[in-house]
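# A closer look at the structure
Okay, here's what each chain looks like letter by letter:
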Amino acid sequence: MGLEIMDDVRRDYIYNLVRRGKREDGRGFQDYREIKVEKGIIKKAEGSARVKIGNTEVLVGVKLEPGEPFPDSPDKGVIITNAELVPLASPEFEPGPPNEDSVQLARVVDRGIRGSEAIDLSKLCIEEGEKVWIVFIDIHVLDNDGNLVDAAALGAIASLLNLRMPAERYGLSGEGEEMIPLQDKPVAVTMVDIGGEILVDPNYNEEKAAVSGLTVISNTDGTISGMQKYGREGLKEEKVSEMVEMGIEKADELRQRFL
Amino acid sequence: MKEEGIELIKDGKRLDGRGFDELRPIKIEVGVLKRADGSCYFELGDNKVIAAVYGPREMHPRHAQDAKMAVLKYRYNMAPFSVDERKRPGPDRRSVEISKVSREALEPVIIKEFYPKTEIDVYVEILQSDAGTRTAGINAASVALADAGIPMKDLVSSVAVGKIDGEVVLDLNAVEDNYGEADMPIAMIARRNTITALQMDGRMTKDEFEKGLKLAMNACQQIYELQRTALIERYSEM
């Protein structure tokens, strides 16, 4: 109950700030918090990155293992994306099986990478119908101060940028430590609607105050490769279009600065 | 996802003979289940789905209650025999996500404040699947909620648009979904042009997105009329 009242107070506070054209941390509506991307920080992973967006911190590790292809794509590698909202990252996260938030986080990130065809899955075939590389993208949230999606998506693509095939470890000769070239760099941009204003990169309090939001994942050529709407209220059609345009623009900025 | 080698558009028509902006045939039946407080059977082409609503009823566990409003729950579930390759029963990641998105698609129209401390359960079973099941489920659920007498501001209507052979088309069937380039399920309050659910996967340009959105808006108007008619017919019988 105490928490609920705090939520209401905070919601009012954020809302009233936005009505006066301000944000809690002094940012402009279209500004990201400070972003830091560190690549290759986990030696044991074939690709990794730590992304900080303000106080939000996400660690993404990519592992490659040989495995069986799907029957309907015998000559293609497989991407499996998973997200863990570990209790260390927030008082709201609880141990246990994935809940709908972690499933959604993983699936939205996965959708962007898949849609953009950033990884050429046909390059991950070892033996058609028998053995292909399985790419495990694991998102480990360390600190949730809002906008996990953008941090995780940025972490995922940054990890894939320095991905190496661990062929030797699995006794698959000839491949060596070959790099896997990326075909695209999808970037996710999340926006929320508070009092009719669009705010880019919502922090935790803003996420709580918002009744709807949208993630737009877009590619180097400006095409869209994934979208997801959130929240318990609808968004007007014009607002969605505006968000899509803004999302593509912001993604381009992030791509140039951090990837 | 993207496969080569199948021609999805021939002579300006789709494989099932539809035009680009044409919905598959829709059939709606209201109040098809006896025990549920509200229910709806919905067909969209070869999709067959059924939705049931229970509640508002006391919420358990009590600590999950909301003192100010009802809690809406939504369960999307596929019957094991609804797809070509048997689906293992029970929730998987896909259905968990669809359940969440579908719940959020309906929440904006439900006046939850009328029933604090209760829950409203929406159960959607996919009996036969041919692409577009989540949209069919939302359409069915919206009608079932109305049938259950849940106070609502409006109905929610839902449809998917996508891209096949480079063209933006309405309401993909399973073949088009498998071999197409993009898929974008949308739910909206048709009379207010308000979008309550939006997902996209695959790849499309901003212009294609805008075009798809327009197609979906028109289709949702049509679906809304069908939903409304089905409800009126049901209650004028009584």
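Residues numbered from 1 in each chain as written. Chains lettered and ligands numbered in written order. Predicted model: local features only at pLDDT ≥ 70, side-chain atom pairs only at ≥ 80, totals over all residues.

## Describing the overall build of chain B
If you tally the helices and strands in chain B, you get 4 helices and 11 strands. For a compact globule of 238 residues, the expected C-alpha radius of gyration is about 18 Å, and chain B comes in at 18 Å, within 12% of that figure. For chain B, the spread of C-alpha atoms along the three principal axes comes to 55 × 40 × 35 Å. A total of 238 residues make up chain B; the buried ones form 52% of that total. (Helix = DSSP H or I, 4+ residues; strand = E, 2+ residues; numbered from the N terminus. Rg over C-alpha atoms; globule rule 2.2 N^0.38 Å. Buried ≥ 20, exposed ≤ 12 C-beta atoms within 10 Å, placed from the backbone.)

## Concerning the overall build of chain A
Along chain A, the regular secondary structure elements total 5 helices and 11 strands. Whereas a compact globule of 259 residues would reach a radius of gyration of roughly 18 Å, chain A reaches 19 Å, a difference of no more than 12%. Along the first, second and third principal axes, the C-alpha atoms of chain A reach 65 × 40 × 30 Å. For chain A, buried positions account for 47% of its 259 residues. A fraction of 68% describes how many contacts in chain A between residues 6 or more apart in sequence connect residues 24 or more apart. (Contact = placed C-beta atoms within 7 Å.)

## Regarding the environment of Arg232(A)
Following the sequence through the fold, Arg232(A) ends up in the loop between strand S10 (224-230) and strand S11 (235-236). Residues Arg232(A) and Lys185(A), spaced 47 residues apart in sequence, show a C-alpha to C-alpha distance of 31 Å. Those residues in contact with Arg232(A) that lie beyond four places of it in its chain are Val211(A), Glu104(B), Glu107(B) and Pro108(B).

## What about the packing of helix H2 (residues 133-147) of chain B against helix H4 (residues 206-237) of chain B?
All names here are of chain B. As a packed pair, H2 and H4 sit with axes 11 Å apart at the nearest point and diverge in direction by 35 degrees. When the axes of H2 and H4 are compared, the crossing they make is right-handed. Contact residues: H2 offers Asn 139, Ser 142, Val 143 and Ala 146, while H4 offers Ile 223, Gln 227, Ala 230 and Leu 231. Looking at the contact of H2 with H4 residue by residue, the classes come out as 5 nonpolar, 3 polar and no charged. (Axes fitted to C-alpha atoms, helices over the stretch in contact; angles between N-to-C directions. Left-handed = near helix turned anticlockwise from the far one by under 90°. Nonpolar A, V, L, I, M, F, W, Y, C, P; charged D, E, K, R; others polar.)

## A closer look at the sheet that holds strand S6 (residues 71-78) of chain B
Residue and element names in this part refer to chain B. Strand order in this open sheet of 5 strands is S3-S4-S5-S7-S6, and the pairing throughout is mixed. Strand pairing shows two members of the sheet lacking a second neighbour, strand S3 (26-30) and S6, which therefore form its edges. Here the average twist between neighbouring strands, direction ignored, is 15 degrees. Bridge analysis of strand S4 (residues 38-44) against strand S5 (residues 47-58) gives 7 bridges, and the strand direction is antiparallel. Opposite Glu 43, over in S5, you have Lys 48 as the bridge partner. (Pairing = 2+ DSSP bridges.)

## Description of the nonpolar core
Ranked by size, the top nonpolar core spans 138 residues in total, and within it Ile139(A), Ala152(A), Ala51(B), Ala140(B), Ala144(B) and Ile186(B) carry the most contacts. Residue contributions to this core peak at 10 residues, all from helix H3 (residues 148-161) of chain A. Filtering out sequence-adjacent residues up to four positions away, Ala51(B) remains in contact with Ser39(B), Cys40(B), Val122(B), Tyr123(B), Val124(B), Gly137(B), Ala140(B), Ala141(B) and Ala144(B). (Core = buried A, V, L, I, M, F, W, Y, C linked by C-beta atoms within 7 Å.)

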